[in-house]
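Below are the chains, spelled out letter by letter.
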Amino acid sequence: MVARHDQTTDPQLLEGLLQARRGTAFFARKLNELSDADLDGDSLLPGWTRRHVTAHIGYNARAIARLIEWAATGVETPMYASTSVRDHEINFGATLPPIALRHLFDHSAVHLNVEWRDLPAEAWHHKVKTAQGRIVPAEETVWMRTREVWVHAVDLDNGATFTDIPAPVLSRLLADITSAWHTRGTDTGLLIKVTDQPGGMTFGDTTAEAPTVISGPLAAITQWATGRGTHGVTATSTAAPAGTGTDAAPPASDADLPEVPAAPKWI
């Protein structure tokens, strides 16, 4: 039997597909490490058990596969009929027997992978609409899925951390998050500095005179930015000390803050 390969030959898209597939395999490994009883335990997401996370990842694959079908056929097939339908689907999935929940993840992942593999090269540029209403080329679905599987593998809360996520995925995710903050104006006075990447990485309000500086390694900064903890991150105030006169104000001084402020919401 002749092996079947991706129809696209675009090297950047192929690299993206590789990251998505690696993320899916990583999620599968963390899921398979959990016993059926473990699935009832809490995830890192408030109000969601590991069952909810697994159901979400399964139904997300099906939803993205519908977008690929749209790109292939030209027939509009939305990710979800509505937000309430999406939420009901996840809540229902969380009640499935363990074997059915695991099959949901496995089968939906295979289905999406086949849809990606068989999509003609030219169809990757066809436009589809995300659940948030964005009009994007079909190739954007690869990043949409990549983000989901890597981050939610951590949310299963059984040993995965942001340090397990490849640096290119972390970098793009952090860029997405800080771009969303900038668009909404919620990054005012907030400067983010990544300390462990060649050449350095800076995001946020780069024009602020006395910003609060959040700094740390890429994995820790991205974890903080997604609202999943402050471990490994420090916050420093550059504001001038209180009580100084306006005629002879001293220069701003750096001072570590006792607590790292919560990151702005991004989704």
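The following refers to the structure shown.

### Section: helix H5 (residues 140-155)
Compared with an ideal rise of 1.5 Å per residue, which puts 16 residues at 22 Å, H5 spans 23 Å between its outermost C-alpha atoms and is within 8% of the ideal. With 15 of 16 residues buried, H5 lies mostly within the body of the structure.

### Looking at the packing of helix H4 (residues 98-118) against H5
Packing of H4 against H5 brings their axes to within 12 Å, and their N-to-C directions diverge by 155°. Between H4 and H5, the crossing angle belongs to the class labelled roughly antiparallel. Crossing of H4 against H5: the hand is left-handed. Residues Phe105, Leu112 and Trp116 of H4 form the contact with H5, whose own contacting residues are Thr141, Val142 and Arg145. Its residues placed into classes, the contact of H4 with H5 shows four nonpolar, one polar and one charged.

### Re unusual backbone geometry
Phi is positive for Asp157, which is not a glycine, with a value near 60°. Mapped onto the elements, Asp157 comes out in the loop between H5 and helix H6 (167-184). Overall, the relative accessible area of 39% leaves Asp157 in the partly exposed class.

### A look at H6
Compared with the 26 Å implied by 1.5 Å per residue over 18 residues, the 26 Å span of H6 between its first and last C-alpha is a close match. Along H6, the residues classified as buried are Val169, Leu170, Leu173, Leu174, Ile177, Thr178, Ala180 and Trp181. Seen from one end, H6 has its buried residues packed into an arc of 150°, which puts them on one side. With respect to the buried face of H6, the exposed residues turned more than 90 degrees away are Pro168, His182 and Thr183.

### Here's the deal with the nonpolar core
One recurring pattern in soluble globular proteins: nonpolar side chains tend to sit buried together. Counting 48 residues, the largest nonpolar core has Phe27, Trp181, Ile192, Ile214 and Trp224 as the members making the most contacts within it. Those elements giving two or more residues to this core turn out to be helix H1 (11-32), helix H2 (50-73), H4, H5, H6, strand E3 (190-194), strand E4 (201-204) and helix H7 (218-225). Counting residues in each nonpolar core, the second largest holds 23 residues, with Trp116, Leu119, Ala123 and Ala138 among its members.

### As for the side chain of Thr77
Positionally, Thr77 belongs in the loop between H2 and helix H3 (83-93). Classification of Thr77 by relative accessible area gives buried; the value is 18%. Reaching out from Thr77, the side chain makes a polar contact with the backbone oxygen of Arg66 at a distance of 2.5 Å. Within the structure, Thr77 has its side chain in polar contact with the backbone nitrogen of Trp70 (distance 3.5 Å).

### A few points about the pairing of E3
Of all the five residues making up E3, four are buried; the element is thus mostly covered by neighbouring parts of the structure. Of the pairings in the sheet, the one linking E3 to strand E5 (residues 212-216) comprises five bridges and is parallel in character. Bridge assignment links Leu190 to a residue of E5, and that residue is Thr212. Of the strand pairs in this sheet, E3 and E4 are connected by four bridges, and their pairing is antiparallel. Looking at E4, one finds that Lys193 is bridged to Thr202.

### Describing the packing of H1 against H5
Interhelical geometry of H1 versus H5 gives an angle of 30° and a closest axis separation of 8 Å. The angle between the axes of H1 and H5 places the two elements in the roughly parallel class. In terms of crossing hand, the pair formed by H1 and H5 is left-handed. Seen from H1, the contacting residues are Leu13, Gly16, Leu17, Gln19, Ala20, Arg22, Gly23, Thr24, Phe26 and Phe27; seen from H5, they are Val142, Arg145, Thr146, Val149, Trp150, His152 and Ala153. The residue inventory of the contact of H1 with H5, partitioned by class, reads nine nonpolar, six polar and two charged.

Calculation criteria
Within each chain, residues carry numbers counting from 1 in the order of the written sequence. The predicted origin of the model limits local features to residues at a pLDDT of at least 70 and limits the giving and counting of side-chain atom pairs to 80 or more, whereas totals for whole chains, interfaces and linings rest on all residues. With hydrogens and water excluded, all non-hydrogen atoms of the structure serve as input to the side-chain values. Elements are defined by DSSP. Helices are runs of H or I of four residues or more, strands are runs of E of two residues or more, and each kind is numbered from the N terminus. Here a helix's expected span is defined as the number of its residues, less one, multiplied by 1.5 Å. Summary of the burial criterion: residues with accessible area below 20% of their type's maximum are buried, those above 50% are exposed, and those between are partly exposed, where the area comes from a 1.4 Å probe applied to protein chains only. What counts as an axis is a line fitted to C-alpha atoms, over the stretch in contact for a helix, and the angles between N-to-C directions run from 0 to 180 degrees. Oblique is the label for every angle not falling under 35 degrees (roughly parallel), over 145 degrees (roughly antiparallel), or within 65 to 115 degrees (roughly perpendicular). Handedness of a helix crossing follows the sense of rotation of the near helix relative to the far helix, less than a right angle counterclockwise being left-handed and clockwise being right-handed. The contact definition used throughout considers only heavy atoms, calling two residues in contact when any of these lie within 4.5 Å. In this classification, the charged set is Asp, Glu, Lys and Arg, the nonpolar set is Ala, Val, Leu, Ile, Met, Phe, Trp, Tyr, Cys and Pro, and all remaining amino acids, among them Gly, are polar. Think of the arc as the fan of directions from the helix axis to the C-beta atoms. Buried residues of nine kinds, namely Ala, Val, Leu, Ile, Met, Phe, Trp, Tyr and Cys, make up a nonpolar core once their side-chain atoms join them within 4.5 Å. The definition of a polar contact used here is a pair of N or O atoms within 3.5 Å, where within protein one atom must be able to donate a hydrogen and the other to accept one, and adjacent residues in sequence count solely through side-chain atom pairs. Should DSSP find at least two bridges between two strands, the strands are regarded as paired.

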